[in-house]
Amino acid sequence: MRVLTTAFIAALGLMGTAEAVERKALVGGTLIDGTLREPIRDSVILIEDERIVAVGTVGSLAIPADAERISTEGMTVMPGLWDMHVHLMLSGHSDYPHWHSTYVGKVQQEVIMPAGAKQLLMAGVTGARDLGAPLEESIAVRDAIKAGKIPGPTLFVSGPFIQKKPYPGTEGYRWGVSSPEDARAKVRRIANAGVDTVKLIDIDQMSEAEIRAVVDEAHAHKLSVVGHAHRPDEIRLGLKYGVDVFEHTGLGTSAEYPEDIVKALSERTARSGQAGLLYWTPTVSILNNYPEWLKDHEFVDAIDWHEGLTPEIIADIKGSLTHPERIAYFQQVPQRVPTLKRKFEQLRASGAVLLIGTDSGVPMMFHSGSTWQEMDLWVNGFGVPPIETIRAATYWPAVAMKADKDYGTVAEGKYADIIAVKGDVLKHMSLLQRVDMVVKHGKRVK
């Protein structure tokens, strides 16, 4: 009998490791890599396990013989999308008090949030920022995705909203602060639990000492602060005390931002080299599209948003959307719609870096179809160049979350988070409503 030496056994182990490498080659499509380079025709992307190892073109980049060859001919190939404002604890239901009281706790963590995460991923969203949910559930779902236990985008979570006083019945995901000391304690608690950012709302209801305490404590833990921008003083105070990113266009039916806010924004962005970039997530499509949804809400009868939900939950959601014109959430929206473009243009002109985010999960805004609508509106409604819009959904979100070493562009060394769509996305942004291929960390999941 032949005796195997220790060295030979070790060599077999090394051979097994080498053979275990999974290689893929995405071949033939037009690559928009998320940078400012021109699209790469007849592209080749080589992937080993989770990461991209080479990017080139057919004829100039050799494809390993053992690589799984995946044709992307006739397709636009892009970095996976990011949605910077989602709520996985919501699934489009119109009655928040009913929803939160009915599905709190285990159902939320084990059914609703994982369902939303999978729906986003199947829509081509490989990165997302969840801005408001119970702390333990947020952390658990994020970590389950990271561990590969459930499918979903790479998740960055804020946990509970931090505000002056939670609304009745919302204490599980909204934490009030009673003093600067309490504000610091609440931020320390969520920071120590492992959140990725801090969500601060109703800023204008806090004392200035409390606002400073939240921002300073978050920054001491190297966490960015996300602030609501619904009212003028929320913006003024947020800028004064160093909020890093604002959400929504806000200001109700006001035709535009006041002159002093525009000036303050310009002064803040003029100091971006010292103070860091200022980011803003306008979330305009949810408001802009509602009047059209009243005329045609056939999409509610689609089944893509059913993914992962139980028949009972699906029926509950559909029942709540029977009369979209009666949804209280949208009561003032028709009056706000004419103001959106002007305020969006003011934000864009201010020098703030605008990010794609949707408020995904709010009434009628299903995770399965939210992100593409925002991108389509930017291009076809507000005149933003397609490349700029794509970077607002890929490159800049990764920069904002300090994750651009691993995400945001299709480049050597980064995680292979890649989507592909039949047709030319630069000409037809709405093609993103039907993402044909999704690769997440090197695994083809769609």
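A. Quick look at the overall build of the protein chain. A count of helical and extended segments in the protein chain gives 16 helices and 19 strands. Taking 22 Å as the expected radius of gyration for a compact globule of 446 residues, we find that the protein chain reaches 23 Å, a close match to that expectation. With the principal axes as the frame, the protein chain shows a C-alpha extent of 80 × 50 × 50 Å. Buried positions account for 55% of the 446 residues belonging to the protein chain. Sequence separation of at least 24 residues holds for 72% of the intrachain contacts in the protein chain that already meet a minimum separation of 6. For the protein chain, the computed accessible surface area is about 18900 Å², with 53% contributed by carbon and sulfur atoms.

B. Geometry of the pattern of salt bridges. Following the criterion strictly, the structure yields 25 salt bridges and no others. It is possible to trace a salt-bridge network through shared partners that takes in Asp-202, Asp-204, Arg-231 and Glu-234.

C. A look at the pairing of strand S18 (residues 437-440). Side chains Met-437 and Val-439 of S18 all project onto a buried face; the interleaved residues Val-438 and Lys-440 project onto the opposite face, where all are buried too. With 3 bridges connecting them, strand S17 (residues 418-422) and S18 associate as antiparallel partners. The residue bridging Ile-418 from the neighbouring strand is Val-439, located in S18. Relative to strand S19 (residues 443-444), S18 runs antiparallel, the two being bridged by 2 bridges. Looking at S19, one finds that Lys-440 is bridged to Lys-443. The antiparallel hairpin formed by S18 and S19 contains 2 residues in its connecting segment, where His-441 sits at a positive phi of about 50°.

D. Quick look at the packing of helix H7 (residues 232-241) against helix H8 (residues 259-270). The interhelical angle for the contact between H7 and H8, taken along N-to-C directions, is 25°, at an axis separation of 10 Å. The angle between the axes of H7 and H8 places the two elements in the roughly parallel class. Here H7 and H8 pass one another in a crossing that is left-handed. Contact with H7, carried on its side by Pro-232, Ile-235, Arg-236 and Leu-239, involves Asp-260, Ile-261, Ala-264, Leu-265 and Arg-268 of H8 and no other residues of that element. Here the residues of the contact of H7 with H8 sort into 6 nonpolar, no polar and 3 charged.

E. Fine view of the sheet that holds S17. Taking strand neighbours across the sheet as the criterion, the 5 strands line up as S2-S6-S17-S18-S19 in an open arrangement whose pairing is mixed. On the outer flanks of this sheet lie strand S2 (30-31) and S19, each paired with one strand and no other. Sheet topology note: the S2/strand S6 (residues 75-79) ladder contains 2 bridges and is parallel. Of the residues in S6, the one forming a bridge with Leu-31 is Val-77.

F. Quick peek at empty space enclosed by the protein. For the structure on display, the rule yields 1 cavity of 30 Å³ or more. For the largest cavity, the calculated volume is near 40 Å³. Surrounding the largest cavity, Pro-79, Gly-80, Trp-82, Asp-406, Tyr-407, Gly-408, Thr-409, Tyr-415 and Asp-417 form its lining. Partitioned by chemical class, the residues of the lining of the largest cavity number 4 nonpolar, 3 polar and 2 charged.

Thresholds applied
Residues numbered from 1 in each chain as written. Predicted model: local features only at pLDDT ≥ 70, side-chain atom pairs only at ≥ 80, totals over all residues. Heavy atoms only, no water. Helix = DSSP H or I, 4+ residues; strand = E, 2+ residues; numbered from the N terminus. Rg over C-alpha atoms; globule rule 2.2 N^0.38 Å. Buried < 20%, exposed > 50% of the residue type's maximum accessible area, 1.4 Å probe, protein only. Contact = heavy atoms within 4.5 Å. Areas by Shrake-Rupley, 256 points an atom, 1.4 Å probe, with all protein chains shown as cover. Salt bridge = Lys/Arg side-chain N within 4 Å of Asp/Glu carboxyl O. Pairing = 2+ DSSP bridges. Axes fitted to C-alpha atoms, helices over the stretch in contact; angles between N-to-C directions. Parallel < 35°, antiparallel > 145°, perpendicular 65-115°, else oblique. Left-handed = near helix turned anticlockwise from the far one by under 90°. Nonpolar A, V, L, I, M, F, W, Y, C, P; charged D, E, K, R; others polar. 1 Å grid on protein atoms, 1.4 Å probe; cavity = no way out; pocket = protein on both sides within 12 Å on 5 of 7 lines; lining within 4 Å. Points joined across faces, edges and corners; volume = space filled by probe spheres on them.

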